[in-house]
Amino acid sequence: MKEPASPPVVAIKGLSLTYEAADGPVYALSNVDLQIAEGEFISFIGPSGCGKTTLLRVIADLEQPTGGDIHVNGVGPEEARLRRDYGFVFQAPALYPWRTIQKNIELPLEIFGVSKAERREKASKQLELVNLKGFENKFPWQLSGGMQQRASIARALSFDPKLLLMDEPFGALDEIVRDHLNEQLLKLWDKTGKTVLFVTHSIPEAVFLSSKIVVMSPRPGRIIDIIDASVLGRDRTLDIRETPEFLKIAHRVREGLRAGHSYDD
Ligand SMILES: Nc1ncnc2c1ncn2[C@@H]1O[C@H](COP(=O)(O)OP(=O)(O)OP(=O)(O)O)[C@@H](O)[C@H]1O
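Residues numbered from 1 in each chain as written. Predicted model: local features only at pLDDT ≥ 70, side-chain atom pairs only at ≥ 80, totals over all residues.

Quick look at the overall build of the chain now. A count of helices and strands for the chain gives eight helices and nine strands. On C-alpha atoms alone, the chain measures out to a radius of gyration of 19 Å, which is about the 18 Å that the 2.2 N^0.38 rule sets for 265 residues. Overall, the C-alpha framework of the chain stretches about 50 × 50 × 40 Å when taken along its three principal axes. Counting every position in the chain, which comprises 265 residues, the buried fraction comes to 40%. The long-range fraction of contacts in the chain, counting pairs at least 24 apart against all pairs at least 6 apart in sequence, stands at 70%. (Helix = DSSP H or I, 4+ residues; strand = E, 2+ residues; numbered from the N terminus. Rg over C-alpha atoms; globule rule 2.2 N^0.38 Å. Buried ≥ 20, exposed ≤ 12 C-beta atoms within 10 Å, placed from the backbone. Contact = placed C-beta atoms within 7 Å.)

As a further point, take the site of the ligand. What surrounds the ligand is a group of 13 residues, the closest being Tyr19, Ala28, Ser48, Thr53 and Thr54. Counting residues per element, the shell around the ligand draws most heavily on helix H1 (residues 52-59), which supplies three residues. Broken down by class, the residue content of the shell around the ligand amounts to five nonpolar, seven polar and one charged. (Near = placed C-beta within 6 Å. Nonpolar A, V, L, I, M, F, W, Y, C, P; charged D, E, K, R; others polar.)

Reports of interface size often rely on the accessible area that becomes lost once the parts have come together. According to the domain assignment, the chain consists of domain 1 (1-85 + 161-265) and domain 2 (93-160). Put simply, the middle of domain 1 and the middle of domain 2, counted by C-alpha atoms, are 25 Å apart. Residue-level contacts link twelve residues of domain 1 with ten residues of domain 2. No other element matches helix H6 (residues 175-192), which puts five residues into the side of domain 1 that touches domain 2. Here the side of domain 1 that touches domain 2 is composed, by residue class, of nine nonpolar, two polar and one charged. (Domains from an automatic or database assignment.)

Here's what the structure looks like:
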């Protein structure tokens, strides 16, 4: 008999968000429907202004939608946030320069009042997961950009959230470093079984990392295609990017982006 499907980690129905700007309304999200299952790696891709960041921020309870429904692990975004269901990684590592790497990773735990011994243990586990063992006593400025971003991933994972939200985390890094981090992130995903929501502008990055790719379009911000990439398996290495299966998915993403592009951009 078939196992009953577990409830979606993120369930979004008819979601809209309109910003009231000085020169009129901005339709950042319009009628978005999306279901994300546990353990998926979902990338959001689309041109600037299509609402990728807004969608992530709504899920993280950093913005309030103006219409529709959203549930995260079966509750509203606020309750999920208070329950610490999310970790958030931003484009800039945003580490505190006066704290060591260890102390930066411990920070969310410190805020939540976790004891010193437990903080140490949890931070050490995450340091190992992102391959930063041995760098715990360094300051952020002593680390490369890629290492700093790995430290901010460890910080987001410090209280072991079920959901990792990543807003263009590798956008500012050069291609070689980015490739390397993509491989490490896939391994981390496989090891931890987290559900990852990842914003990117890069087609190869989206296809390489994801189990599903959500293609978005601006004015109004909306989803125009959802592409299943599970045919690529979970155990991927960078050379998968040369395979016909990979190129076929990349082609479909590109077609989606082209169809949703307005040429007055
Ligand atoms: N606080 C705000 N007030 C008014 N408009 C906003 C606000 N935040 C975002 N917007 C607008 O909402 C739209 C969606 O923005 P959002 O940042 O979500 O897009 P994005 O797809 O993440 O873009 P990018 O790829 O450039 O980061 C854009 O037109 C943006 O200018």
